[in-house]
Amino acid sequence: MGGLWSGESKNVEYKVALPDRSIKYVKTAVAFANGEGGRIVFGIEDQTLNVVGVPDDQVFTIMDAISNAIADSCEPLIIPDISMRDIDGKTIIVAEILPGAQRPYFIRSMGRDQGTFVRVAGTTRQADSATVKELLFEGSNRSFDQTACLGLEATDDGIAELCERMTAVAKTNAKHDADQVKPVTAKQLLSWGVLTERDGELKPTNAYAILTGTNGPVRSVIQCGVFKGSTKAVFVDRREFAGAPWELVEQAYQYVLRNIHMGARFEGVYRQDVYEIPPDAIRELIVNAVVHRSYIDHSSIQVAIYDDRLEITSPGRLPMGQTITRMKEGYSKIRNEALAAAFAYMRLIEHWGSGIPRIIEEVREAGLREPEFLGGDTDLRINIYRSADDAVRDTPTGVRDTGGAVRDTVDTVPDNEQSVRDKFAISSRLVRDTFELNEQEQEAYAYIREHSGAQSDNIAALLNVGKRQAQKILTGLVNRGLLRRIGAARSTRYVLADETTGNGEG
């Protein structure tokens with residue numbers, strides 16, 4: 001029968017015969033119109049895909065009945081394209097429903113709230129209130145985040161503070177081009193849709209509530225957790241982050257880095273610290289979840305770390321016109337237009353559509369399985385598997401050890417440097433502990449990694465603290481086994497605990 005008949009799916013439903021009650025297939029017609037479209041095929045058994053056909057003397061009567069039932073029952077009007085086809089001498093009827101632009105479509109007799117249906121995992125289901133609201137915005141070609149936020153006020157001081165914070169984030173992310181970043185103004189926020197104007201006054205939109213981290217009308221939360229095994233049956237740690245979206249991204253990102261393995265990749269005797277999952281891919285996924293999630297849905301973004309994978313779930317069905325296939329190919333469909341403009345200004349997003357293809361490529365280059373994209377009907381879930389043994393074996397430059405760290409094959413390290421490699425392996429475990437340090441300790445440790453042999457004076461200048469405080473910070477790092485002290489008195493220097501020195505020490 002060819003690839004067309006491959007079992008019921010998101011876009012195909014089979015009926016062995018015309019049902020006695022038309023509502024049984026009209027619901028599906030509504031669901032297809034509210035989604036990507038689809039076909040209802042009459043004359044094929046849904047379980048066996050056995051072609052039964054419809055009686056030849058009733059074909060045109062049945063076609064008229066289907067057309068009339070769908071057109072008469074649905075609002076707005078749905079006009080199916082109905083055709084007949086011959087398969088092995090038997091006639092089947094195909095009713096094709098195109099994606100609708102006047103959403104939500106619903107069964108008139110049931111009303112919009114009860115009669116709206118959507119397609120979920122190959123079945124037709126009644127839409128919940130959040131989905132109905134999402135469909136309303138799609139049908140009116142409006143963006144929820146650009147809509148006025150009821151119950152929230154935007155004062156001059158509040159607007160100025162948001163502009164200052166966004167400008168600061170943009171300059172930080174711009175790095176070398178910080179001097180070229182133009183400060184955000186209220187006028188700019190108005191043009192993006194972060195603010196709206198009514199009766200000569202500036203009013204906040206839902207995007208304003210999201211960007212300011214307002215805990216009220218719009219929920220903006222990321223829930224993070226570490227779980228034992230591959231299910232949520234046993235949790236090890238849970239955290240919930242709220243606040244401005246750029247803060248959410250950073251907090252969730254750092255949480256993941258703290259809870260996945262770090263190892264070392266070697267080129268000769270030189271080491272490069274490397275996470276088991278590419279950090280850029282992790283950050284990009286979290287940014288995408290924050291920017292493209294449905295804020296009508298009051299669920300939280302979920303970041304779950306299992307023994308075998310990192311799983312990020314973004315609330316809300318894919319926006320109209322977007323599919324997982326198109327998304328992986330680089331097609332970008334912006335749901336939250338104001339938020340997207342703000343993120344682009346703050347350099348949290350680079351080029352539209354490039355994010356997902358770049359994530360896929362980075363994960364492949366790390367020797368992991370291609371990311372898994374699931375759902376899209378009620379939410380979108382993306383899995384990055386932490387240790388795909390078959391994928392790693394296929395990688396010419398890397399093998400995976402029992403700790404999940406990636407390192408070059410043993411052949412790249414001379415045999416007489418075995419002890420050096422063993423020390424590096426110890427360090428890869430210690431480095432993970434650095435994320436439990438305070439900010440000053442982290443900065444000092446990072447500086448020593450880049451400037452081996454630095455002295456306390458260097459750290460004092462770096463942190464803008466006294467020499468005694470700098471020595472105290474460095475001593476703490478030594479006591480935790482992260483650094484090693486070399487020399488004495490004024491010649492005291494600090495190196496990584498596992499680092500060899502040119503004078504035979506270590």
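Here is a short report on the structure shown in this document. (Residues numbered from 1 in each chain as written. Predicted model: local features only at pLDDT ≥ 70, side-chain atom pairs only at ≥ 80, totals over all residues. Heavy atoms only, no water.)

### A word on the overall build of the protein
Scanning the protein from N- to C-terminus turns up 17 helices and 22 strands. Sequence separation of 24 or more characterises 62% of the internal contacts of the protein that already satisfy a separation of 6 or more. Summed over its atoms, the accessible surface of the protein is roughly 25,000 Å², and 46% of this surface lies on carbon and sulfur atoms. (Helix = DSSP H or I, 4+ residues; strand = E, 2+ residues; numbered from the N terminus. Contact = heavy atoms within 4.5 Å. Areas by Shrake-Rupley, 256 points an atom, 1.4 Å probe, with all protein chains shown as cover.)

### Re the pattern of salt bridges
Scanning all chains against the criterion turns up 18 salt bridges. Between E201 and K203 there is a salt bridge, and its shortest N-O distance comes to 3.4 Å. Judged by its relative accessible area of 46%, E201 is partly exposed. Between R283 and E250 there is a salt bridge, and its shortest N-O distance comes to 2.9 Å. Residue R283 is found in helix 9 (residues 279-292), and its partner E250 is found in helix 8 (residues 245-258); the two are separated by 33 residues along the sequence. (Salt bridge = Lys/Arg side-chain N within 4 Å of Asp/Glu carboxyl O. Buried < 20%, exposed > 50% of the residue type's maximum accessible area, 1.4 Å probe, protein only.)

### Remarks on the nonpolar core
M166, L189, F343 and M346 are the most contacted members of the largest nonpolar core, which totals 78 residues. Each of two domains, domain 2 (145-212) and domain 3 (221-385), supplies a minimum of three residues to this core. With near-sequence residues (within four places) excluded, M346 lies in contact with M166, V169, A170, N173, L211 and W246. Counting residues in each nonpolar core, the second largest holds 25 residues, with Y25, F42, I97 and Y105 among its members. (Core = buried A, V, L, I, M, F, W, Y, C linked by side-chain atoms within 4.5 Å. Domains from an automatic or database assignment.)

### Looking at the sheet that holds strand 2 (residues 38-42)
Read across the sheet, 4 strands follow the order 1-2-5-4 without closing on themselves; strand pairing throughout is mixed. The open sheet has two free edges, formed respectively by strand 1 (12-15) and strand 4 (81-87), since each of these has just one partner strand. Across the sheet, the mean angle from the axis of one strand to that of its neighbour is 25°, orientation sign disregarded. With 4 bridges joining them, strand 1 and strand 2 adopt parallel strand pairing. What sits directly across from Y14, in strand 2, is V41. Packing of helix 1 (residues 23-33) onto the sheet brings it into contact with strand 1, strand 2 and strand 5 (90-97), and relative to strand 2 it is tilted by some 160°. (Pairing = 2+ DSSP bridges. Axes fitted to C-alpha atoms, helices over the stretch in contact; angles between N-to-C directions.)

### Some points on the layout of surface pockets
The computed volume of the largest pocket comes to approximately 730 Å³. Looking at the largest pocket, it is lined by 20 residues, and the ones nearest its centre are N173, K175, D280, R283 and R347. At 4 residues, helix 9 tops the list of elements feeding residues into the lining of the largest pocket. Its residues assigned to classes, the lining of the largest pocket comprises 8 nonpolar, 3 polar and 9 charged. When residues of the lining of the largest pocket are sorted by domain, at least three fall in each of domain 2 (145-212) and domain 3 (221-385). (1 Å grid on protein atoms, 1.4 Å probe; cavity = no way out; pocket = protein on both sides within 12 Å on 5 of 7 lines; lining within 4 Å. Points joined across faces, edges and corners; volume = space filled by probe spheres on them. Nonpolar A, V, L, I, M, F, W, Y, C, P; charged D, E, K, R; others polar.)

### Quick notes on the pairing of strand 18 (residues 379-385)
Across the 7 residues that make up strand 18, a large majority, 5, are buried. Here strand 16 (residues 309-315) pairs with strand 18 via 7 bridges, running antiparallel. Paired with T313 across the bridge in strand 18 is R381. Bridge count for strand 17 (residues 372-375) against strand 18 is 4 bridges, and the pairing is antiparallel.

### Section: the packing of helix 9 against helix 11 (residues 337-345)
In the contact formed by helix 9 and helix 11, the axes pass within 9 Å of each other and the chain directions differ by 145°. Listed contacts from helix 11 to V287, V290 and V291 of helix 9 are L339, A340 and F343. The residue inventory of the contact of helix 9 with helix 11, partitioned by class, reads 6 nonpolar, no polar and no charged.

### Thoughts on the side chain of N383
Relative to the helices and strands, N383 is located in strand 18. Judged by its relative accessible area of 3%, N383 falls in the buried class. Setting aside chain neighbours within four positions, we find N383 in contact with R309, L310, E311, P371, E372 and L374.

### Considerations on the packing of helix 16 (residues 456-463) against helix 17 (residues 467-479)
Packing of helix 16 against helix 17 brings their axes to within 8 Å, and their N-to-C directions diverge by 105°. Here helix 16 is positioned roughly perpendicular relative to helix 17, judged by the angle of their axes. Of the residues in helix 17, those in contact with S456, D457, I459, A460 and L463 of helix 16 are K467, A470, Q471, I473 and L474. Its residues placed into classes, the contact of helix 16 with helix 17 shows 6 nonpolar, 2 polar and 2 charged. (Parallel < 35°, antiparallel > 145°, perpendicular 65-115°, else oblique.)

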